[in-house]
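What follows is the residue order along each chain.
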Amino acid sequence: MDSWHDLCAVNDLPPGNRMVIPVGNISLLLINVNGEIFAVENVCPHDGGELNEGSVEGTDVICPRHGARFCLRTGEVLAPPATEDIDSFPTRVNASRLEVFIPG
Ligand code: FES
């Protein structure tokens, strides 16, 4: 069932920081880019690279294994060798808590 999930206090993820939180069977990567918080799946579809170890350029994350690039806002793959998008999830702040929406 679709629902918002409580993740952490929003102050736990200041600008420039990232964290990985499991939500159900999803490994969720949270990144705060200049106060905007993005949530994407942490696994690169090319060969399982962990995106939390990659660099962030603007609102793109780059896989540390072979350099595929993904848009944090949409999950769209922007550069090979990956050919599939990653899932991205809406976030919100509710009473100083960070929440993510996971579709059912
Ligand atoms: S595992 Fe991410 S680009 Fe290969």
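Residues numbered from 1 in each chain as written. Predicted model: local features only at pLDDT ≥ 70, side-chain atom pairs only at ≥ 80, totals over all residues. Heavy atoms only, no water.

A.B. asks: Describe the overall build of the protein, with residues and values.
C.D. replies: Helix and strand counts for the protein come out as zero helices and 11 strands. N-terminal to C-terminal, the α/β element order of the protein is β-β-β-β-β-β-β-β-β-β-β. Over its C-alpha trace the protein gives a radius of gyration of 13 Å, about what one expects of a compact globule, namely 13 Å for 104 residues. Look at the contacts in the protein between residues 6 or more apart in sequence, and 40% of them connect residues 24 or more apart. On the protein, the mean spot of the 6 positive side-chain charges and the mean spot of the 15 negative ones are 5 Å from each other. (Helix = DSSP H or I, 4+ residues; strand = E, 2+ residues; numbered from the N terminus. Rg over C-alpha atoms; globule rule 2.2 N^0.38 Å. Contact = heavy atoms within 4.5 Å. Lys, Arg positive; Asp, Glu negative; His and termini not counted. Charge placed at Lys NZ, Arg CZ, Asp CG, Glu CD.)

A.B. asks: Account for the sheet that holds strand β6 (residues 60–62), naming residues and giving values.
C.D. replies: Read across the open sheet, the four strands follow the order β5-β6-β7-β8; overall the sheet is antiparallel. The sheet is open, and its two edges are formed by β5 (55–57) and β8 (77–79), each paired on a single side. If you compare each strand with its neighbour and ignore which way they point, the axes differ by 30° on average. When β5 meets β6, the two strands line up antiparallel, connected through three bridges. By the bridge assignment for β6, V56 is matched with V61. (Pairing = 2+ DSSP bridges. Axes fitted to C-alpha atoms, helices over the stretch in contact; angles between N-to-C directions.)

A.B. asks: Residue-level account of the pairing of strand β11 (residues 97–102), with values.
C.D. replies: Relative to β11, strand β1 (residues 3–9) runs antiparallel, the two being bridged by six bridges. When the sheet's bridge partners are listed, H5 is paired in β11 with V100. Sheet analysis places strand β10 (residues 91–94) next to β11, joined by four bridges and oriented antiparallel. Counterpart to T91 in the pairing with β11 is V100. Following β10, the chain reverses through two residues before pairing antiparallel with β11; A95 in that reversal takes a positive phi of roughly 55°.

A.B. asks: How would you explain unusual backbone geometry if you had to name every residue and give the values?
C.D. replies: Along the chain, P80 connects to P81 via a cis peptide bond; the corresponding omega equals 15°. Relative to the helices and strands, P81 resides in the loop between β8 and β9 (88–89). Phi is positive for S96, which is not a glycine, with a value near 70°. Relative to the elements of secondary structure, S96 occurs in the loop between β10 and β11.

A.B. asks: Let's hear about the sheet that holds β1: which residues, and what values?
C.D. replies: Judged by pairing direction, the sheet is antiparallel, and its three strands sit side by side in the order β1-β11-β10 without closing on themselves. Whereas interior strands pair on both sides, the edge strands pair on one side only; in this sheet they are β1 and β10. The mean angle between the axes of side-by-side strands here comes to 35°, regardless of whether they run parallel or antiparallel.

A.B. asks: Summarise the UniProt feature "domain: Rieske" (unreviewed entry) in the protein; cite the residues concerned and give the values.
C.D. replies: Annotation from UniProt places "domain: Rieske" (unreviewed entry) at residues 5–100. With 0% helix and 49% strand, residues 5–100 has end C-alpha atoms that lie 5 Å from one another. (UniProt positions renumbered as here; feature names shortened; annotations may be inferred.)

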